[in-house]
Amino acid sequence: MGNSYAGQLKTTRFEEVLHNSIEASLRSNNLVPRPIFSQLYLEAEQQLSSLEAGSRADNEEEEEEEEEEEGSESSSPPVSYQVKPPPEGCCTTDGFCQAGKDLRLVSISNEHIEVPSGFLLVGAKSPNLPDHLLVCAVDKRFLPDDNGRNALLGFSGNCVGCGKKGFCYFTEFSNHINLKLTTQPKKQKHLKYYLVRNAQGALTKGSVICWKGAEFRGRQSLASNCSSTLFQLPESSGLSGSTSSEPLPPANPSAPAGTQQTAAAVDPTPSTAAFSSAVYNGKESPKKQLMKNNLSALTRPSVLGTLTNPGPPKKRHKGWSPESPSSTETWNFQLNPQASNRIKNDGGSLSSLPHSALVGPASSPMVGSGEPVSVPDNLMKICKAKPVIFKGHGNFPYLCGNINDVIVSPLLYTCYRNSQSLSRAYEQYGASTMQPISEEMQLLLTVYYLVQLAADQVPLIEDLEQIFMRSWRESHLSEIRQYQQAVPQAFPPVPSHITPVTSAQLPWLAGLAASSCNDSVHIIECSYSLAEGLSEMFKLLIEGKLMKTNYVVIICASRNRAIDSCIVITGKYQARVLSESMLSPSDYQKEVSYQLVTGKVETLGSFFSTLCPEGDIDLLLEKFYQENQGHISSSLSSSVNKPTAVNGAGAAVCTSYEIERHQIRPFQLAVAQKLLSHICSIADSSTQNLDLGSFEKIDFLICVPPSEVTYQQTLFHLWHSGILLELGLEKEHLTKQRVEQYVMKLDAEAQIKFKIFLQNSMQNPHTLFVLIHDHAHWDLMSAMHSLYPQAELSTGLVDRLLNCREVKEAPNIVTLHVTSFPYALQTQHTHISPYNEIHWPSSYSNGVDLYHENKKYFGLSEFIESTLSGHSIPLLRYDSSFEAMVMALGKRFPRLHSAVIRTFVLIQHYSAAMMAVCGLSQMKNYTSVETLEITQNLINSSRQCPSGHGLMVVLRIPCIPLAAVAYERLYNVRERLALEDNFEIILGNPNSGITIGKHFVEQLKIWQKIEDVDWRPQTYLELEGLPCILIFSGMDPQGESLPRSLRYCDLRLINSSSLVRTSLEQELGLAAYFVSSEIHTEKAVVNDVLESDPEKLSSTDNEDEEIATEGSTSEKRSPMKRERSRSHDSASSSLSSKASTFCTESSPPQALSNSTEETTNNYERQKQKVDKGAQTTISKHLPPVTEQLDMKQNIKSTQVSITSSSSPPFSSSSSSSAPTHNSFILQTSQCSMTKASKQPPIVFLPKLVYDIITSTDSSGLPKSSSLLPYHSVMWASSFRPLMSKMMTCTEQSLYYRQWTVPKPIHMDYNNRNEGRMDTFHPRRLLLSGPPQIGKTGAYLQFLSILSRMLIRLTEVDVYDEEEININIKEESDQYYHQPGDMWPDLESFKKMPFDYTIHDPKYEDASLICSKLQTINSEDRSMSRRQEDMYTCRQTTRMRLSKYAAYNTYHHCEQCHQYMGFNPRYQIYESTLHAFAFSYSMLGEEIQLHFIIPKSKEHHFVFSQPGRQLESMRLPLVTDKSEDYIKSPTFTPTTGRHEHGLFNLYHAMDGASHLHVLVVKEYEMAIYKKYWPNHIMLVLPSIFNSAGVGAAHFLIKELSYHNLELERNRQEELGIKPQDIWPFIVISDDSCVMWNAVEVNCSGDRKSDYTWTERNVSLKQILQHIEATPNVTHYALIGMRKWSSKTNSAEIKEPFSCCHVHDFLMLNVDLTQNVQYNQNRFTCDDVDFNLRVHSAGLLICRFNHFNVMKKQIAVGGQRSFHIKSKVSDTPVSISPAQYICAPDSKHTFLAAPAQLLLEKYLQYHSHRFFPLSLKNYSHPVLSVDCYLNLGPQIAVCYVSSRPHSLNISSSGLTFSGLLLYLCDSFVVASFLKKFHFLKGATLCVICQDRNSLRQTVVRLELEDEWQFRLRDEFQTANAKEDRPLFFLTGRHI
């Protein structure tokens, strides 16, 4: 066992093993059964238990490490290894030997190393240097042979660094080269790779050394009924130099091979050839997984058989993760540096090596063992094709000789290997009993598949994978169902036994299957090795015996070992397609260019000239040119000049011309809104990845592919959208240069523009930059792979720019990828979260049209649908005669690339068609019907329109050199035919702009009304109406849009060998189109499509024809017709057939009414025969026209269809020729361009592509959808579920995210983080939608609405109302202060009278307070509003937030993260709860409040030292002065506004230190704490849960006074006087958003002259200003004005007022010690308090130069109180009249506080108590010690009963009522007798209970003057337990 000490005898199992061994030997034909003792000793070598085998990805190093760590499967401990200390003074550096010489491969790869004879250089892996190989020389006898066997035990090696020789022990050697191992050194573990010299002579990593068949240990299946494991020889090994580790033979050869499946291992060292984009059916292998050792989906097959105590499953390696990348990454670029360069060159796919390298013995993954096979000379000359050999199972022999004439591909081998793995879907069920599909069955299924392929079909690897998948599923259906239904068991039951195919039966069964296919598949059976089969196959090929054979299957199946197989593609067509598909796009271009440059195509040209019996085409053209030069007037070109003359004469001009300008469709708006909602959801998430609130504007950059047309097109859209002006990025006069700043072409110059973009984003943190990556599937190459020489500069640019660190980390850059083909961005490693994908919405949902659009989109699905529907001629077609000719020429010219052949044939067809249309009718034989139809319609289109509008034909030629050849040839033919003024030929090259002739430029300028002399069309959209052939080149379309005059999309030359979903769909996307939705598109597609009958084609030219027209859309077609139209080959004729007649738009059979109004004649069922009069092919006359045919539609939407000529003509009704003079009227409505824009274009495809597009799977899904989605991704597993037609875009995305992985050349390859979510970039979105549907318009609209939203986010609605009751204000000439005074003068202020009148507009509905005898116009107060109007109808203005605004919880910016407590470093916001108690005599009990104090705010408080009890809140001194400190603590009472309250004062305070306390109710504490974790909370006692704002104000004030006393006591001990402690607090509403200051400029001559300006200032500035007021402690209340836009000079002329203050005030708690807020109040408590303060003789000062803006907040506050019935929960509207009731009545009680009911009742119904007071403002109601709002129509007069209080003079005042509210002992009878009342005046006494009501009446002797009745007693509508308030009313006697 080499150096292994694992494995110990297990006596407990001896008998069991002995029994099994005897049983196995009895069943076996082999004379040598497996030794019992090796079975026991080698148990440790079994790497995985039966349970884990099916669910583990393999990783060779980890496996071996596990073995050593585990020791054995017994309970014995692992053998520890002691490292001997190195000798003194020697080198111990990793990577160097003890002599100090460097051994690292990277360092010595170019040095000459002496290697003794018989020694090999190998690479050793050091655990300390995982990225390096150490070079060693080892005797090859001690290394394994080709089969991984026969290595001698022991070791012999030399050090290549110091040259020391003769190391006989690997332990000694490992010490010398400083491997520093902690486990027993084993050569099997550390000698990893053979080292080989590459073409440059540098030493590089070669193939893996296959120790002991390391890849296969523990993975071989057991026989179904016995537990024998693989018979392993000591140190059995794979062949040296081979890249495929071959499986070992089964231990029990007699057992059915199906159950002894050996799992093909992952190929350890694929050379680049292994990743060649070999295509099976023109498709790159979806399984390039040779480079991936352990994709978790590629799990190994399970160990099968009877599970006889296999022991516990082994633990996973500690660091092992199922997703972790293999530590032995097997990318091996150095094998062929040329190839590695090519790999990265290729834009989307991996390239292959040159064919010679594919089969070379040193570099090919297919290099084999055994005797070599010689490839015969002249193979290609004889066979006319290069055979493609697909390696299958087992060993593959060496090839030698003429190896350039064969191609070897690993694709099938990969497919077989992958199909042996179980999918992830079954791992979770512990599906270790499900055996994989056997090798024999795989091969047999492959034969079945090949047999059923048609002669013109090419095998597709996807088909084969799905066949394997279905076969495996069917054979395990019961287990799969069982696993899906039941809970997984520890040992799942063994599956039912299915008789497998044995290796002996295989050749016979394969032969039987192939016998039915007419020699298409030939089976060769060989007995010894594949070599003899290959030799025989070559022999048969040379002898010509395989002429009819497309596939040769070679099987070598012997009884005692695994099968070997390979499949050779010998069919000329199939071999050509498959070999060409192995070329990468760049190699494909090189190959074609090479063939063009070297003149290899000349043989093709000379062949064409022999076809034409009339002589060379060029000679014919020249002859035609000479003949017609003198009298071109008769040619077609004269028709171009006709319209001009007609126009001059005033005849009809075509009016249908329009280029669509930028307009937003409903779809685009919907998508823009979806994008916006995604942006908002990113901002709203708790991850803080996008702070929308911090951005003020939008900027953007659009990245487009390096196509000049796409670039100009994007500029065009941007210019016409007006978005730059809307976003404010540009001014009115926009220049093109300015627009270009916002669009970036991804070319060599992109980096400069992008650098500017990044700099702008860094310099403008408050601008949100949107980086739009349009056409985002283009160039997804990894930047790392584009750094090689020869790479194009633009390759990998997207990765370099968009994925750079600056973009990823910038918090103000959002990246939006926009594409029609998002699949490459939807892999397992994508950067884009699935939640950030936006898919274009579907237009229909359950048959309902969701968006009413006037156009219908025609995309891929609609094109496919047109091929399926039996009643319309399909829009997708192929040209069978063209395909037949290409196939014939392909066999004749095997060395020419098929793209070259196809292009030359098509150019020939177009040339011949042009000549045929121009009169050389004999040329019809040398073109196809399709090409003729295209050409005739193109040439004649401009003749049918008076203005000369015509059709566009797009001819797609991806290869740029071929496109140039085509352009030159067609241009030349057009010149010779004198058609240069008839239509233009345009070469569309992605790297250059559009060049068209001057004549056509002038026409376009006339049509588009352009006067600019230098104008040239720069986009294809501007070619609207131009008759032209656009040769569209470039390997991939890059987002260019085509005009609506597009009629034909000729895709016959697209590269059909490289089939991936994106490539196919983007080619077909060129034809995507909008048609007017009112058109019946079913009919539209039929209009000018022709199918030709062979009989007709053979008829003579110019003969009269009968063509039937249909006049009705509802007409049923004949069955024959329906049948014909299903045959999508539009020409059933052979190549030599003669096309005689072309029924086209140029000779319209349509007969149209020349009136546009609808006609009522019902001719729907009538079919007319149209007689085309005798007509020459070249004619200057217009064709005659039939009489008008009335239709039910108007002329524009009329659709006339031509039935197929192959169906018999309908019975004709009479027809007659139309008069000739009608022809121009007809033409006006027959403009080809107009018709083209009403129907989708017709698309011609290669037959191969057509078959893939139109074939569907069982669910109806087109086959193209299940192709590999993109070149640079691969399938994660071949065992993936099928896609379904019912999948939505989102489900497709999730499918690709699960089942595709990027290749290493893909930019997302390195973006993995073991399945964690943080691989997604938070600010990256993906918008996907079908091609040409309007995504550009949608994202531009998104920018617009995002900008508007940002502006809206930076704006708030603030109340903007004029002060009320201004006319009641005393107009005084006396001013106490100058307008410019900064602070009030105390003495002057004391002289100012108090203004009792309320001016705050929020109290418009409140009772007026009378201060003296006033005469108020009664109408002034009558405009009362309803209760709910108070909030909704108040006037607001939208204001932009300033930098000093207060914010709610939605604002997150960098500066205030810490303040808000959202900074990750401050997540330790434990807040502590502190109780704080004080007694208050009025409540008669102790008040206990709770403070929640975050750790960061504890410095504001004083705690007792031992117990950390809260003692007081620190207060500053009056004398303190600091710029960065606010002295007054701010209290904000709040309810219901945890999200919307403006508690973030960081910006308002301008960063100054301040103390801010939120005052919240107990039940809201948790929610406020959650939203404001870093704010101090004062929690009110639970008894105040239903209280109003009065309670909060009351407790704030009482607490603050109590705290002032505590602080005075505490600081008195420090020697500070009590009066020096700062006595003010700020009480602020939770809706104060901004503060302003008025600056007065008194620079006039007189003191009274002044000007003023208002500006936004910080709250810090205002508070510090007020705090600095001289003698500030003499003021009791200081406030400011409410902001209004209508403020006039008079209001601020006096800078200070003595009046009511509201909303935001500074309260002196010392002076107001004896004045309390009323804790019961809900409304007007501030007015009540102001009156109390004034009556106490204290000063109230309002700073008129400061004002506060209040934000309108629609939730919380007073509106959080809902008055509802206490009995039922159903919300019933209760009117205020029901708020009170008679005591003891059965009135419905209400669930609301009594005080609230009282206040609301008095506000709306006080006139019931005070009837005399209604609108009687000169006789107010006398209100004692309180102010209650009695509604706007009643005035009140406030008086205080306190001794020495300031009251108004009541002499001369007669009151209309008296209100006594909870009056205390200060109110006495003598006090009331001072006031006079009107006769009949009313009294209202309000008390807490009925008893105190009676006591009050007695105590105040009220019965002396007032009359009471029993029925005048009331109570609030509360239940007894809710303590209602009681009223008593009476009348004055």
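Caption draft 1: Up close: the sheet that holds strand β25 (residues 1046-1050). If you walk across this open sheet you meet the 6 strands as β21-β30-β25-β22-β24-β23, and the pairing is parallel. The sheet is open, and its two borders are formed by β21 (876-878) and β23 (984-988), each paired with just one other strand. Across this sheet, the average inter-strand angle for adjacent strands is 20 degrees, counted without regard to direction. Looking at chain direction, strand β22 (residues 952-957) and β25 are connected through 4 bridges and run parallel.

Caption draft 2: Quick peek at the pattern of salt bridges. Scanning the entire structure with this criterion turns up 57 salt bridges. Of the charged contacts in the structure, one is a salt bridge between aspartate 1357 and arginine 1438, with a shortest N-O distance of 3.7 Å. Residue aspartate 1357 is located in strand β34 (residues 1355-1359), and its partner arginine 1438 is located in strand β36 (residues 1436-1440); the two are separated by 81 residues in the primary sequence. Residue arginine 1438 is classed as partly exposed on the basis of its relative accessible area, which comes to 46%. Arginine 1508 is paired through a salt bridge with glutamate 1498; the nearest N and O atoms lie 3.0 Å apart. Taken together, the residues arginine 1508 in the loop between β39 (1501-1503) and β40 (1510-1513) and glutamate 1498 in the loop between β38 (1485-1494) and β39 connect sequence positions 10 residues apart. Overall, the relative accessible area of 42% leaves arginine 1508 in the partly exposed class.

Caption draft 3: View of the packing of aromatic side chains. The tally for this structure, following the rule as stated, stands at 41 aromatic pairs. With 5.6 Å between their ring centres and 70 degrees between their planes, phenylalanine 1389 and tyrosine 1675 make a pair best called edge-to-face. In this pair, phenylalanine 1389 sits in helix α44 (residues 1386-1391) while tyrosine 1675 sits in strand β47 (residues 1675-1682), placing the two residues 286 residues apart along the sequence. On the accessibility criterion, phenylalanine 1389 (0% relative accessible area) is buried. Centroid distance phenylalanine 1855 to phenylalanine 1877: 6.0 Å. Interplanar angle 50 degrees. Geometry classified as tilted. Note that phenylalanine 1855 is positioned in strand β56 (residues 1854-1861) and phenylalanine 1877 in strand β57 (residues 1876-1887), a separation of 22 residues in sequence.

Caption draft 4: Representation of the sheet that holds strand β14 (residues 743-745). Strand order in the open sheet formed by 6 strands is β14-β13-β15-β16-β33-β17, with parallel pairing between adjacent strands. Both outer strands of the open sheet, β14 and β17 (837-839), are each paired with one neighbouring strand and no more. Each strand axis lies, on average, 20 degrees off the axis of its neighbour in the sheet, ignoring direction. The sheet contact formed by strand β13 (residues 697-704) and strand β15 (residues 767-774) spans 7 bridges and is parallel. In the sheet register, leucine 701 faces β15, and the bridge partner there is leucine 771.

Caption draft 5: Just the packing of helix α23 (residues 708-721) against helix α43 (residues 1335-1353), in detail. Closest axis-to-axis distance for the α23/α43 pair is 11 Å, and the angle between their directions is 45 degrees. Overall, the two elements α23 and α43 adopt an arrangement that is oblique. Every pair of crossing elements has a handedness; the one defined by α23 and α43 is right-handed. Between α23 and α43, the residues in contact are Thr714, His717, Leu718 and Ser721 and Thr1336, Tyr1339 and Leu1340, respectively. Looking at the contact of α23 with α43, its residues break down into 3 nonpolar, 4 polar and no charged.

Caption draft 6: Structural context of a positive patch on the surface. A cluster of basic side chains, namely Lys381, Lys384, Lys600, Arg892 and Arg895, defines a positive patch on the protein surface. Mapping lysine 384 onto the fold places it in the loop between α9 (379-383) and β7 (388-391).

Caption draft 7: View of the side chain of lysine 187. With respect to the helices, strands and loops of the structure, lysine 187 is situated in helix α6 (residues 187-190). Of note is the side chain of lysine 187, whose polar atom sits 3.1 Å from the backbone oxygen of phenylalanine 142. Within the structure, the side chain of lysine 187 is placed 2.6 Å from the backbone oxygen of glycine 154, a separation counted as a polar contact.

Caption draft 8: Quick peek at the pairing of strand β50 (residues 1739-1750). Along β50, 12 of the 12 residues are buried, which leaves the element largely enclosed by surrounding structure. Sheet topology places strand β48 (residues 1696-1697) next to β50; 2 bridges connect them, and they run antiparallel. Residue phenylalanine 1696 lies in a different strand from β50, and its bridge partner there is phenylalanine 1743.

Caption draft 9: Layout of unusual backbone geometry. For asparagine 178, which is not glycine, the phi dihedral falls at a positive 60 degrees. Tracing the backbone through its elements, the reader meets asparagine 178 in the loop between α5 (170-176) and α6. According to the relative accessible area criterion, asparagine 178 is buried, its value standing at 4%. Although it is not a glycine, glutamine 1332 adopts a positive phi angle of roughly 60 degrees. You can call glutamine 1332 partly exposed: its relative accessible area is 26%.

Caption draft 10: Here's a closer look at the confidence of the model for the protein chain. The predicted model of the protein chain averages 77 in pLDDT, with 72% of residues at 70 or higher. Low confidence marks residues 787-791, where pLDDT is under 50. Its contacts with residues over four positions away, or in another chain, come to 12 contacts.

Caption draft 11: Helix α34 (residues 998-1007), seen in detail. Among all positions in α34, only Phe1000, Val1001, Gln1003, Leu1004, Lys1005 and Trp1007 are buried. Positioned one or two residues after α34, lysine 1009 has a phi angle of 55 degrees, which is positive.

Caption draft 12: Quick look at the environment of asparagine 128. Mapping asparagine 128 onto the fold places it in the loop between β1 (119-126) and β2 (129-139). When the C-alpha atoms of asparagine 128 and asparagine 178 are compared, they prove to be 9.6 Å apart, with 50 residues separating the residues in sequence. Other than its neighbours up to four places away in sequence, asparagine 128 contacts Asp94, Leu179 and Lys180. Only 3.3 Å separates the side chain of asparagine 128 from the side chain of aspartate 94, close enough to count as a polar contact.

Cut-offs applied
Residues numbered from 1 in each chain as written. Predicted model: local features only at pLDDT ≥ 70, side-chain atom pairs only at ≥ 80, totals over all residues. Heavy atoms only, no water. Pairing = 2+ DSSP bridges. Helix = DSSP H or I, 4+ residues; strand = E, 2+ residues; numbered from the N terminus. Axes fitted to C-alpha atoms, helices over the stretch in contact; angles between N-to-C directions. Salt bridge = Lys/Arg side-chain N within 4 Å of Asp/Glu carboxyl O. Buried < 20%, exposed > 50% of the residue type's maximum accessible area, 1.4 Å probe, protein only. Phe/Tyr/Trp six-rings, centres within 6.5 Å; stacked < 30°, edge-to-face > 60°. Parallel < 35°, antiparallel > 145°, perpendicular 65-115°, else oblique. Left-handed = near helix turned anticlockwise from the far one by under 90°. Contact = heavy atoms within 4.5 Å. Nonpolar A, V, L, I, M, F, W, Y, C, P; charged D, E, K, R; others polar. Patch = residues over 30% accessible without salt bridge, like charges linked within 9 Å, V, L, I, M, F, W, Y side chains within 5 Å. Areas by Shrake-Rupley, 256 points an atom, 1.4 Å probe, with all protein chains shown as cover. Lys, Arg positive; Asp, Glu negative; His and termini not counted. Charge placed at Lys NZ, Arg CZ, Asp CG, Glu CD. Polar contact = N/O pair within 3.5 Å; in protein donor to acceptor, adjacent residues only side chain to side chain. pLDDT = per-residue confidence, 0-100.

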